[in-house]
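Structural overview
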Amino acid sequence: MNTSLVSIPTDTVTLEGAWYEPAAGRAKNAVLLFHGNTMNFYSGAPRFLPPALTALGYACLAFNRRGHDILAIRDSRAAEGAAFQTYAEAIADNRYAAKWVAGRGYARPIVVGHSNGGMLAVKHVAEHPQTCALALLSAHCGGKDMLPLSSRAGLLAQDRLPQLKAQASRMVAEGRGRELMLLPGWWYVSSAESFLELENCPDILELAPKIACPVLYLRGDKEPRELYPAEEFARRAGGRTSVDIVPDCDHFYVGREAEVTSRVVRWLANLG
(Lines give C-alpha, C1' and ligand atoms only; values in the text may rest on other atoms or scores of the structure.)
Protein backbone atom coordinates (compact mmCIF):
# COMPACT_ATOMS: atom_id res chain seq x y z
CA MET A 1 0.00 0.00 0.00
CA ASN A 2 0.96 3.64 -0.42
CA THR A 3 0.87 5.80 2.71
CA SER A 4 0.71 9.59 2.97
CA LEU A 5 0.60 11.74 6.08
CA VAL A 6 -2.25 14.25 5.83
CA SER A 7 -3.61 17.29 7.69
CA ILE A 8 -7.34 18.00 7.58
CA PRO A 9 -8.46 21.59 8.28
CA THR A 10 -11.08 22.35 10.94
CA ASP A 11 -12.32 25.61 12.43
CA THR A 12 -9.41 25.44 14.90
CA VAL A 13 -6.40 23.09 14.65
CA THR A 14 -5.85 20.53 11.90
CA LEU A 15 -6.58 16.83 12.26
CA GLU A 16 -3.46 14.77 11.58
CA GLY A 17 -3.69 11.36 9.99
CA ALA A 18 -2.60 8.83 7.41
CA TRP A 19 -4.13 8.14 4.01
CA TYR A 20 -3.58 4.58 2.81
CA GLU A 21 -4.18 3.59 -0.82
CA PRO A 22 -3.82 0.30 -2.69
CA ALA A 23 -0.44 0.09 -4.40
CA ALA A 24 -2.00 -0.78 -7.77
CA GLY A 25 -4.89 1.19 -9.25
CA ARG A 26 -7.61 3.39 -7.82
CA ALA A 27 -9.47 2.15 -4.75
CA LYS A 28 -13.03 0.90 -5.19
CA ASN A 29 -14.15 2.84 -2.10
CA ALA A 30 -12.74 4.42 1.05
CA VAL A 31 -12.90 3.46 4.71
CA LEU A 32 -13.05 6.04 7.51
CA LEU A 33 -11.37 4.74 10.69
CA PHE A 34 -12.52 6.33 13.97
CA HIS A 35 -10.13 5.72 16.87
CA GLY A 36 -11.10 4.91 20.46
CA ASN A 37 -11.12 7.30 23.39
CA THR A 38 -7.67 8.69 24.28
CA MET A 39 -6.20 6.72 21.36
CA ASN A 40 -4.95 7.97 17.98
CA PHE A 41 -4.54 7.09 14.30
CA TYR A 42 -1.37 5.07 14.82
CA SER A 43 -2.61 2.69 17.54
CA GLY A 44 -5.26 -0.01 17.73
CA ALA A 45 -7.58 -0.82 14.85
CA PRO A 46 -6.69 2.29 12.77
CA ARG A 47 -3.14 0.92 12.72
CA PHE A 48 -3.64 -2.81 12.16
CA LEU A 49 -6.58 -2.78 9.75
CA PRO A 50 -5.28 -0.70 6.78
CA PRO A 51 -2.89 -3.33 5.32
CA ALA A 52 -5.74 -5.82 5.01
CA LEU A 53 -8.28 -3.25 3.82
CA THR A 54 -6.02 -1.86 1.11
CA ALA A 55 -5.35 -5.44 -0.03
CA LEU A 56 -9.13 -5.70 -0.57
CA GLY A 57 -8.99 -2.59 -2.75
CA TYR A 58 -10.08 0.06 -0.26
CA ALA A 59 -8.38 3.35 0.56
CA CYS A 60 -8.32 4.16 4.30
CA LEU A 61 -8.23 7.38 6.25
CA ALA A 62 -7.03 7.01 9.84
CA PHE A 63 -7.01 10.37 11.63
CA ASN A 64 -6.80 11.99 15.03
CA ARG A 65 -9.83 13.75 16.35
CA ARG A 66 -9.00 16.84 18.34
CA GLY A 67 -9.68 14.62 21.36
CA HIS A 68 -6.83 12.24 20.61
CA ASP A 69 -4.62 10.80 23.37
CA ILE A 70 -5.22 12.00 26.94
CA LEU A 71 -3.09 15.16 26.77
CA ALA A 72 -0.85 16.42 24.00
CA ILE A 73 0.79 19.50 22.55
CA ARG A 74 1.82 20.29 18.96
CA ASP A 75 3.58 23.57 18.10
CA SER A 76 3.31 25.37 21.43
CA ARG A 77 2.83 24.54 25.11
CA ALA A 78 -0.95 24.85 24.78
CA ALA A 79 -2.51 21.56 25.88
CA GLU A 80 -5.02 19.62 23.81
CA GLY A 81 -6.37 16.10 23.75
CA ALA A 82 -9.12 13.92 25.17
CA ALA A 83 -8.98 15.64 28.56
CA PHE A 84 -10.67 18.62 26.87
CA GLN A 85 -12.89 16.87 24.31
CA THR A 86 -16.54 17.62 23.69
CA TYR A 87 -19.04 15.56 21.71
CA ALA A 88 -19.85 18.50 19.46
CA GLU A 89 -16.19 18.76 18.51
CA ALA A 90 -15.78 15.00 18.00
CA ILE A 91 -18.88 14.81 15.80
CA ALA A 92 -17.62 17.78 13.78
CA ASP A 93 -14.20 16.16 13.37
CA ASN A 94 -15.77 13.09 11.80
CA ARG A 95 -17.68 15.33 9.41
CA TYR A 96 -14.46 17.12 8.44
CA ALA A 97 -12.84 13.75 7.72
CA ALA A 98 -15.80 12.57 5.65
CA LYS A 99 -15.72 15.80 3.65
CA TRP A 100 -11.98 15.32 3.03
CA VAL A 101 -12.57 11.80 1.72
CA ALA A 102 -15.52 12.96 -0.41
CA GLY A 103 -13.20 15.52 -1.97
CA ARG A 104 -11.12 12.60 -3.24
CA GLY A 105 -14.12 11.04 -4.93
CA TYR A 106 -15.47 8.77 -2.18
CA ALA A 107 -18.88 10.15 -1.21
CA ARG A 108 -20.20 6.91 0.32
CA PRO A 109 -17.34 5.55 2.44
CA ILE A 110 -17.47 2.61 4.79
CA VAL A 111 -17.15 3.68 8.43
CA VAL A 112 -15.25 1.63 11.02
CA GLY A 113 -15.11 2.78 14.65
CA HIS A 114 -13.54 1.29 17.76
CA SER A 115 -14.97 1.84 21.27
CA ASN A 116 -15.81 5.56 21.65
CA GLY A 117 -15.08 5.85 17.94
CA GLY A 118 -17.75 3.22 17.38
CA MET A 119 -20.30 5.19 19.38
CA LEU A 120 -19.39 8.27 17.33
CA ALA A 121 -19.61 6.18 14.16
CA VAL A 122 -23.25 5.36 14.93
CA LYS A 123 -23.97 9.07 15.38
CA HIS A 124 -22.13 9.88 12.15
CA VAL A 125 -23.92 7.26 10.07
CA ALA A 126 -27.31 8.26 11.48
CA GLU A 127 -26.59 11.73 10.06
CA HIS A 128 -25.05 10.38 6.82
CA PRO A 129 -27.51 7.78 5.50
CA GLN A 130 -25.55 7.52 2.25
CA THR A 131 -22.89 5.51 4.16
CA CYS A 132 -22.69 2.11 2.50
CA ALA A 133 -21.59 0.01 5.52
CA LEU A 134 -20.65 0.35 9.19
CA ALA A 135 -18.34 -1.79 11.34
CA LEU A 136 -18.61 -1.29 15.10
CA LEU A 137 -15.62 -2.68 16.97
CA SER A 138 -16.59 -2.82 20.65
CA ALA A 139 -18.72 0.32 20.35
CA HIS A 140 -19.88 1.39 23.80
CA CYS A 141 -23.53 2.02 24.56
CA GLY A 142 -23.30 5.77 24.99
CA GLY A 143 -26.28 7.55 26.49
CA LYS A 144 -26.99 8.33 30.12
CA ASP A 145 -25.93 4.84 31.24
CA MET A 146 -22.40 5.01 29.83
CA LEU A 147 -20.76 6.92 32.69
CA PRO A 148 -22.24 4.85 35.55
CA LEU A 149 -21.69 1.57 33.70
CA SER A 150 -18.08 2.46 32.90
CA SER A 151 -17.43 3.59 36.45
CA ARG A 152 -18.88 0.38 37.90
CA ALA A 153 -16.58 -1.53 35.55
CA GLY A 154 -13.59 0.18 37.22
CA LEU A 155 -13.09 2.98 34.69
CA LEU A 156 -13.44 6.76 34.90
CA ALA A 157 -14.94 7.70 38.31
CA GLN A 158 -15.01 4.16 39.75
CA ASP A 159 -16.90 4.39 43.10
CA ARG A 160 -16.54 8.17 43.36
CA LEU A 161 -19.01 9.24 40.69
CA PRO A 162 -21.28 11.45 42.88
CA GLN A 163 -18.32 13.24 44.46
CA LEU A 164 -16.55 13.84 41.15
CA LYS A 165 -19.71 15.10 39.47
CA ALA A 166 -20.18 17.56 42.33
CA GLN A 167 -16.54 18.66 42.09
CA ALA A 168 -16.79 19.18 38.32
CA SER A 169 -20.05 21.11 38.63
CA ARG A 170 -18.51 23.37 41.28
CA MET A 171 -15.44 24.03 39.14
CA VAL A 172 -17.56 24.95 36.12
CA ALA A 173 -19.75 27.26 38.22
CA GLU A 174 -16.59 28.99 39.43
CA GLY A 175 -15.40 29.56 35.86
CA ARG A 176 -12.73 26.85 36.09
CA GLY A 177 -14.25 24.44 33.57
CA ARG A 178 -11.01 23.89 31.64
CA GLU A 179 -8.99 23.10 34.75
CA LEU A 180 -7.94 19.47 35.09
CA MET A 181 -9.22 17.05 37.70
CA LEU A 182 -7.87 13.59 38.49
CA LEU A 183 -10.01 10.49 37.96
CA PRO A 184 -9.33 7.23 39.84
CA GLY A 185 -9.76 5.09 36.71
CA TRP A 186 -8.92 5.33 33.04
CA TRP A 187 -8.57 7.91 31.48
CA TYR A 188 -7.18 9.34 34.71
CA VAL A 189 -7.45 13.07 34.02
CA SER A 190 -10.14 15.30 32.54
CA SER A 191 -11.18 18.92 32.51
CA ALA A 192 -14.27 19.60 34.57
CA GLU A 193 -16.24 20.60 31.47
CA SER A 194 -15.28 17.46 29.59
CA PHE A 195 -16.16 15.22 32.53
CA LEU A 196 -19.66 16.67 32.74
CA GLU A 197 -19.99 16.25 28.96
CA LEU A 198 -20.01 12.48 29.46
CA GLU A 199 -23.64 12.71 30.52
CA ASN A 200 -24.52 14.07 27.06
CA CYS A 201 -23.10 11.11 25.17
CA PRO A 202 -25.09 10.02 22.08
CA ASP A 203 -27.04 6.81 22.74
CA ILE A 204 -26.38 4.14 20.12
CA LEU A 205 -29.53 2.16 20.98
CA GLU A 206 -31.70 5.24 20.46
CA LEU A 207 -29.92 5.87 17.15
CA ALA A 208 -30.01 2.24 15.97
CA PRO A 209 -33.37 2.50 14.09
CA LYS A 210 -31.81 5.21 11.89
CA ILE A 211 -29.02 2.89 10.73
CA ALA A 212 -30.19 1.23 7.52
CA CYS A 213 -26.86 0.16 6.00
CA PRO A 214 -25.29 -3.27 6.70
CA VAL A 215 -23.57 -3.35 10.10
CA LEU A 216 -20.97 -5.58 11.71
CA TYR A 217 -20.96 -5.30 15.51
CA LEU A 218 -17.94 -7.11 16.92
CA ARG A 219 -17.21 -7.58 20.61
CA GLY A 220 -14.58 -9.51 22.56
CA ASP A 221 -15.92 -12.18 24.90
CA LYS A 222 -14.13 -10.52 27.85
CA GLU A 223 -16.15 -7.32 27.43
CA PRO A 224 -19.40 -6.72 29.38
CA ARG A 225 -22.47 -7.08 27.21
CA GLU A 226 -24.34 -4.22 28.91
CA LEU A 227 -21.58 -1.75 28.07
CA TYR A 228 -21.10 -3.06 24.51
CA PRO A 229 -24.69 -4.02 23.58
CA ALA A 230 -24.22 -5.74 20.21
CA GLU A 231 -27.29 -7.98 20.49
CA GLU A 232 -29.67 -5.20 21.51
CA PHE A 233 -28.31 -2.91 18.80
CA ALA A 234 -28.95 -5.63 16.22
CA ARG A 235 -32.53 -6.04 17.48
CA ARG A 236 -33.23 -2.31 17.12
CA ALA A 237 -31.24 -1.52 13.98
CA GLY A 238 -33.04 -0.30 10.88
CA GLY A 239 -31.00 -2.62 8.66
CA ARG A 240 -29.19 -5.95 8.84
CA THR A 241 -26.65 -6.23 11.67
CA SER A 242 -24.23 -9.13 12.05
CA VAL A 243 -23.11 -9.76 15.65
CA ASP A 244 -19.67 -11.35 16.03
CA ILE A 245 -18.24 -12.31 19.44
CA VAL A 246 -14.50 -13.01 19.36
CA PRO A 247 -13.29 -15.63 21.88
CA ASP A 248 -10.43 -14.96 24.28
CA CYS A 249 -10.53 -11.28 23.36
CA ASP A 250 -10.34 -8.07 25.42
CA HIS A 251 -11.36 -4.54 24.55
CA PHE A 252 -8.08 -3.70 22.83
CA TYR A 253 -7.83 -7.03 20.94
CA VAL A 254 -4.40 -7.73 22.39
CA GLY A 255 -3.00 -10.81 20.68
CA ARG A 256 -6.21 -11.10 18.65
CA GLU A 257 -5.57 -8.40 16.07
CA ALA A 258 -5.24 -10.95 13.25
CA GLU A 259 -8.49 -12.65 14.23
CA VAL A 260 -10.38 -9.36 14.39
CA THR A 261 -8.91 -8.33 11.04
CA SER A 262 -9.94 -11.60 9.41
CA ARG A 263 -13.52 -11.22 10.65
CA VAL A 264 -13.77 -7.64 9.38
CA VAL A 265 -12.29 -8.67 6.02
CA ARG A 266 -14.66 -11.63 5.71
CA TRP A 267 -17.66 -9.44 6.47
CA LEU A 268 -16.60 -6.84 3.90
CA ALA A 269 -15.99 -9.53 1.28
CA ASN A 270 -19.50 -10.89 1.85
CA LEU A 271 -21.07 -7.49 1.30
CA GLY A 272 -20.44 -7.94 -2.43
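These figures come from a predicted structure and were not determined experimentally.

A few words now on the overall build of the chain. Across its full length, the chain carries 10 helices and 10 strands. A compact globule built from 272 residues would reach a C-alpha radius of gyration of about 19 Å, and the chain, at 18 Å, matches this within 12%. Along the first, second and third principal axes, the C-alpha set of the chain runs to 55 × 40 × 35 Å. Evaluated residue by residue, the chain yields a buried proportion of 54% over its 272 residues. When the accessible area of the chain is evaluated, it comes to approximately 11,700 Å², of which 52% is carbon and sulfur surface.

Glancing now at the side chain of Ser191. Within the secondary structure, Ser191 sits in strand E8 (residues 189-191). In this structure the side chain of Ser191 is engaged in a polar contact, spanning 3.1 Å, whose partner is the backbone nitrogen of Ser194. With sequence-adjacent residues up to four places away left out, Ser191 is seen in contact with Ala83, Phe84, Gly177, Arg178, Glu179, Leu180 and Met181.

So, about the nonpolar core. Ranked by internal contacts, the top residues of the largest apolar core, which has 59 residues, are Trp19, Leu61, Leu134, Leu136, Phe195, Ile211 and Phe233. Top contributing element to this core by residue count: helix H3 (residues 87-102), with 7 residues. Counting residues in hydrophobic clusters, the runner-up holds 26 residues, among them Ala18, Leu53, Ile110 and Leu218.

Helical periodicity: at 3.6 residues per turn, an α-helix aligns residues three or four positions apart in one direction. Compared with the 18 Å implied by 1.5 Å per residue over 13 residues, the 18 Å span of helix H6 (residues 161-173) between its first and last C-alpha is a close match. Buried within H6 are the following residues: Leu161, Leu164, Ala168 and Met171. One face of H6 carries all of its buried residues, which in axial projection span an arc of 95 degrees. Those residues of H6 that are exposed and angled more than 90 degrees off the buried face are Pro162 and Ala173.

With that settled, consider the side chain of Arg219. Tracing the sequence through the fold places Arg219 in strand E9 (residues 215-220). Reaching out from Arg219, the side chain makes a polar contact with the side chain of Glu231 at a distance of 2.9 Å. Excluding anything up to four places from it in sequence, Arg219 contacts Ser138, Pro224, Arg225, Tyr228, Ala230, Glu231, Asp244, Ile245 and Val246.

Viewed as axis vectors pointing N to C, H3 and helix H4 (residues 116-127) meet at an angle of 65 degrees, and their least axial separation amounts to 10 Å. Considered as vectors, H3 and H4 are oriented roughly perpendicular to each other. For H3 against H4, the interelement crossing comes out right-handed. Packed against H3, whose contacting residues are Tyr87, Ala90, Ile91, Asn94, Arg95 and Ala98, the element H4 presents Asn116, Met119, Leu120, Lys123, His124 and Glu127 at the interface. Across the contact of H3 with H4, the residue classes tally to 6 nonpolar, 3 polar and 3 charged.

Attention now goes to the packing of aromatic side chains. To describe a pair of aromatic rings, you give the distance between the ring centres and the angle between the ring planes. Counting across every chain of the model gives 6 aromatic pairs. For the ring pair Phe34 and Phe63, a centre distance of 5.8 Å and an interplane angle of 85 degrees mean the geometry is edge-to-face. On the criterion of sequence distance, the pair formed by Phe34 in strand E3 (residues 29-34) and Phe63 in strand E4 (residues 58-63) is long-range, its members being 29 residues apart. Phe34 sits in the buried class, given a relative accessible area of 1%.

Let's shift gears to empty space enclosed by the protein. One pass over the structure, following the stated rule, counts 1 cavity of 30 Å³ or more. Computed from the structure, the largest cavity encloses a volume of approximately 50 Å³. Forming the walls of the largest cavity are Asn37, Gln85, Thr86, Tyr87, Asn116, Trp187, Ser194, Glu197 and Leu198. Grouping the amino acids of the lining of the largest cavity by side-chain chemistry returns 3 nonpolar, 5 polar and 1 charged.

Rules of the game
Residues numbered from 1 in each chain as written. Predicted model: local features only at pLDDT ≥ 70, side-chain atom pairs only at ≥ 80, totals over all residues. Heavy atoms only, no water. Helix = DSSP H or I, 4+ residues; strand = E, 2+ residues; numbered from the N terminus. Rg over C-alpha atoms; globule rule 2.2 N^0.38 Å. Buried < 20%, exposed > 50% of the residue type's maximum accessible area, 1.4 Å probe, protein only. Areas by Shrake-Rupley, 256 points an atom, 1.4 Å probe, with all protein chains shown as cover. Polar contact = N/O pair within 3.5 Å; in protein donor to acceptor, adjacent residues only side chain to side chain. Contact = heavy atoms within 4.5 Å. Core = buried A, V, L, I, M, F, W, Y, C linked by side-chain atoms within 4.5 Å. Expected span 1.5 Å × (residues − 1). Arc of directions from axis to C-beta. Axes fitted to C-alpha atoms, helices over the stretch in contact; angles between N-to-C directions. Parallel < 35°, antiparallel > 145°, perpendicular 65-115°, else oblique. Left-handed = near helix turned anticlockwise from the far one by under 90°. Nonpolar A, V, L, I, M, F, W, Y, C, P; charged D, E, K, R; others polar. Phe/Tyr/Trp six-rings, centres within 6.5 Å; stacked < 30°, edge-to-face > 60°. 1 Å grid on protein atoms, 1.4 Å probe; cavity = no way out; pocket = protein on both sides within 12 Å on 5 of 7 lines; lining within 4 Å. Points joined across faces, edges and corners; volume = space filled by probe spheres on them.

On their own, these measurements won't tell you what the molecule is for.
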